[in-house]
Amino acid sequence: MNAQFKKGVLELIVLESVRKRDMYGYELVEEVSKVVDVNEGTIYPLLKRLTNERYFETYLRESTEGPPRKYYHVTAAGILYRDQLEQEWTQLSDRVWRFLKENMPEDGG
């Protein structure tokens, strides 16, 4: 997938994933990777920024597999931001799709 396309929707995918349920970082990498190919080096800086912008809150939870894990919880501001991103994405994708259909050659190819 084109890196710029991926960058444009990554925040929306991350916010939606955490809106469904609180997640820790690596779990979120695995969830987002179901949609777009990402790695920890992409997700963790995004989580830090979204937390600094108060779209996420964090808390620690004990783990049976090692040290406590930092979980991310979406805030009310994060839900509003996610809804805004979804609206923008829907409008953009609709416009692009209409443009492509309107400019398709008559023979379909």
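Scroll up to find the structure this text is about.
Rules used throughout
- Residues numbered from 1 in each chain as written.
- Predicted model: local features only at pLDDT ≥ 70, side-chain atom pairs only at ≥ 80, totals over all residues.
- Heavy atoms only, no water.
- Pairing = 2+ DSSP bridges.
- Helix = DSSP H or I, 4+ residues; strand = E, 2+ residues; numbered from the N terminus.
- Contact = heavy atoms within 4.5 Å.
- Axes fitted to C-alpha atoms, helices over the stretch in contact; angles between N-to-C directions.
- Patch = residues over 30% accessible without salt bridge, like charges linked within 9 Å, V, L, I, M, F, W, Y side chains within 5 Å.
- Areas by Shrake-Rupley, 256 points an atom, 1.4 Å probe, with all protein chains shown as cover.
- Salt bridge = Lys/Arg side-chain N within 4 Å of Asp/Glu carboxyl O.
- Buried < 20%, exposed > 50% of the residue type's maximum accessible area, 1.4 Å probe, protein only.
- Polar contact = N/O pair within 3.5 Å; in protein donor to acceptor, adjacent residues only side chain to side chain.
- Core = buried A, V, L, I, M, F, W, Y, C linked by side-chain atoms within 4.5 Å.
- Expected span 1.5 Å × (residues − 1).
- Arc of directions from axis to C-beta.

(A) Summary view of the pairing of strand E3 (residues 66-74). Summarising the sheet, strand E1 (residues 23-24) and E3 pair through two bridges and their orientation is antiparallel. Its bridge partner lying in E3, tyrosine 24 is registered against tyrosine 71. In terms of strand pairing, strand E2 (residues 56-63) meets E3 through seven bridges, oriented antiparallel. Paired with leucine 60 across the bridge in E3 is lysine 70.

(B) Summary view of the sheet that holds E1. Here we have three strands laid out as an open sheet, ordered E1-E3-E2, and antiparallel in their pairing. What marks the edges here is a single partner per strand, and that holds for E1 and E2. Sheet contacts for helix H3 (residues 40-52): E2 and E3; angle to E2, the most-contacted strand, approximately 120°.

(C) Just a nonpolar patch on the surface, in detail. Side chains of Trp89, Leu92, Val96, Trp97, Phe99 and Leu100 sit close together on the surface and give an oily, nonpolar patch of about 640 Å² of accessible area. Along the chain, phenylalanine 99 turns up in helix H4 (residues 76-102). Looking at phenylalanine 99, the relative accessible area reads 51%, which means it is exposed.

(D) A look at the side chain of glutamate 11. Of note, glutamate 11 is situated in helix H1 (residues 3-20). The buried category is assigned to glutamate 11, whose relative accessible area is 14%. Residues within four places of glutamate 11 in sequence aside, it is in contact with Leu46, Arg49, Leu50, Tyr81 and Leu85.

(E) The arrangement of the environment of aspartate 22 in detail. Take aspartate 22: it is sitting in the loop between H1 and E1. Through-space distance from the C-alpha of aspartate 22 to that of tyrosine 72 is 5.5 Å; in sequence the pair is 50 residues apart. Within the local environment of aspartate 22, its side chain forms a polar contact with the side chain of tyrosine 59, the two groups lying 2.7 Å apart.

(F) Structural view of the nonpolar core. Judged by nonpolar contacts, the single largest core of 23 residues is most densely connected at Val14, Leu15, Leu28, Val32, Ile43, Leu50 and Phe56. Residue assignment for this core shows that the elements contributing at least two residues are H1, helix H2 (25-33), H3, E3 and H4. Per-element accounting of this core gives the leading share, seven residues, to H1. Every residue in contact with leucine 28, bar those within four places of it in the chain, is listed here: Val14, Ser17, Val18, Met23, Ile43 and Leu47.

(G) Structural detail: H3. With 13 residues, H3 should cover 18 Å at 1.5 Å per step; its first-to-last C-alpha distance of 18 Å lies within 8% of that length. Every buried residue belonging to H3 is among Ile43, Leu46, Leu47 and Leu50, and all of these are buried. Down the axis of H3, the buried set is contained in an arc of 105°. They therefore lie on one face. Across H3 from its buried face, at more than 90 degrees, point the exposed residues Gly41, Lys48 and Asn52. The N-terminus of H3 is capped by asparagine 39, whose side-chain oxygen sits 3.0 Å from the backbone nitrogen of glycine 41. The first or second residue beyond H3 is arginine 54, which carries a positive phi of 70°.

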